[in-house]
Amino acid sequence: MQDILTMLSALRRPRLLMRAARIGAEDYRRSAHLPRLLGYGQLPRHGAALMRLMEIEGDLNAQRISDDSSYSLLRHIDVLIAIVGEARILRAAQSELAT
């Protein structure tokens with residue numbers, strides 16, 4: 001799991017995108033947000049969800065950089081909100097295990 005958190009800390013995105021994601025993550029609810037982004041069914045574990053979200057975000061960022069007309073800023077922010085929310089949950093779970 002530490003590898004996932006290390007990859008997240010190395011993620012570099014525009015400040016405004018990340019600020020919007022952090023603000024949105026305050027209201028993040030896993031049961032409501034993840035099915036919309038990853039598909040309905042059983043929710044994956046936090047690590048697996050983060051990996052899938054990072055793949056989706058990587059594709060969205062590539063679209064953003066290339067000025068692709070199909071790029072959706074709202075979807076990008078939504079995915080970043082889920083990444084920040086899942087990372088917070090994962091960090092909290094790891095700190096609980098450490099104590």
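Quick notes on the rules
- Residues numbered from 1 in each chain as written.
- Predicted model: local features only at pLDDT ≥ 70, side-chain atom pairs only at ≥ 80, totals over all residues.
- Heavy atoms only, no water.
- Buried < 20%, exposed > 50% of the residue type's maximum accessible area, 1.4 Å probe, protein only.
- Helix = DSSP H or I, 4+ residues; strand = E, 2+ residues; numbered from the N terminus.
- Arc of directions from axis to C-beta.
- Contact = heavy atoms within 4.5 Å.
- Axes fitted to C-alpha atoms, helices over the stretch in contact; angles between N-to-C directions.
- Parallel < 35°, antiparallel > 145°, perpendicular 65-115°, else oblique.
- Left-handed = near helix turned anticlockwise from the far one by under 90°.
- Nonpolar A, V, L, I, M, F, W, Y, C, P; charged D, E, K, R; others polar.
- Salt bridge = Lys/Arg side-chain N within 4 Å of Asp/Glu carboxyl O.

Enquirer: Help me understand helix α2 (residues 15-25), please; the structure alone is not making it clear to me.
Expert: Given 3.6 residues per helical turn, the α-helix brings residues three or four places apart onto the same face. When we look at burial in α2, the residues that qualify are Leu17, Met18, Ala21 and Ala25. All buried residues of α2 project into a common sector of 90° when viewed along the axis, lining one side. What points out from α2, more than 90 degrees from its buried face, is the exposed set Arg15, Leu16, Arg19 and Ile23. Where α2 is buried, its residues contact α4 (46-65) and α5 (73-98).

Enquirer: Explanation requested: the packing of helix α3 (residues 30-38) against α4 in the structure shown.
Expert: For any two helices packed against each other, the geometry comes down to the angle between their axes and how far apart the axes lie. Axis separation between α3 and α4 bottoms out at 11 Å; the angle between their running directions is 45°. Taken as axis vectors, α3 and α4 run oblique relative to one another. The way α3 lies across α4 gives a crossing that is left-handed. Contact residues: Arg30, Leu34, Leu37 and Leu38 in α3; His46, Ala49, Arg52, Leu53 and Ile56 in α4. Across the contact of α3 with α4, the residue classes tally to six nonpolar, one polar and two charged.

Enquirer: Honestly, the pattern of salt bridges in this entry has me stumped. Any pointers?
Expert: For side chains bearing opposite charge, pairing can occur when the charged atoms are close. Under the criterion given, the structure shown has four salt bridges. Two residues, Asp78 and Arg36, come together in a salt bridge whose shortest N-O distance is 2.5 Å. Of this pair, Asp78 sits in helix α5 while Arg36 sits in helix α3, placing them 42 residues apart in sequence. Classification of Arg36 by relative accessible area gives partly exposed; the value is 45%.

Enquirer: Hey, could you run me through the environment of Met51 in this one?
Expert: Of note, Met51 is situated in helix α4. Through-space distance from the C-alpha of Met51 to that of Ile4 is 7.4 Å; in sequence the pair is 47 residues apart. In this view, Met51 contacts Ile4 and Met7; residues no more than four positions away in its chain are not counted.

Enquirer: It is not clear to me how the packing of α2 against α5 should be interpreted in this structure. Could you clarify?
Expert: For the pair α2 and α5, the least separation of the axes is 8 Å and the interaxial angle reads 60°. Judged by the angle between their axes, α2 and α5 are oblique. When the axes of α2 and α5 are compared, the crossing they make is right-handed. In this structure, α2 contributes Leu17, Met18, Ala20, Ala21, Arg22, Gly24 and Ala25 to the contact, and α5 contributes Leu73, His76, Ile77, Leu80, Ile81, Val84, Gly85 and Arg88. Looking at the contact of α2 with α5, its residues break down into 10 nonpolar, three polar and two charged.

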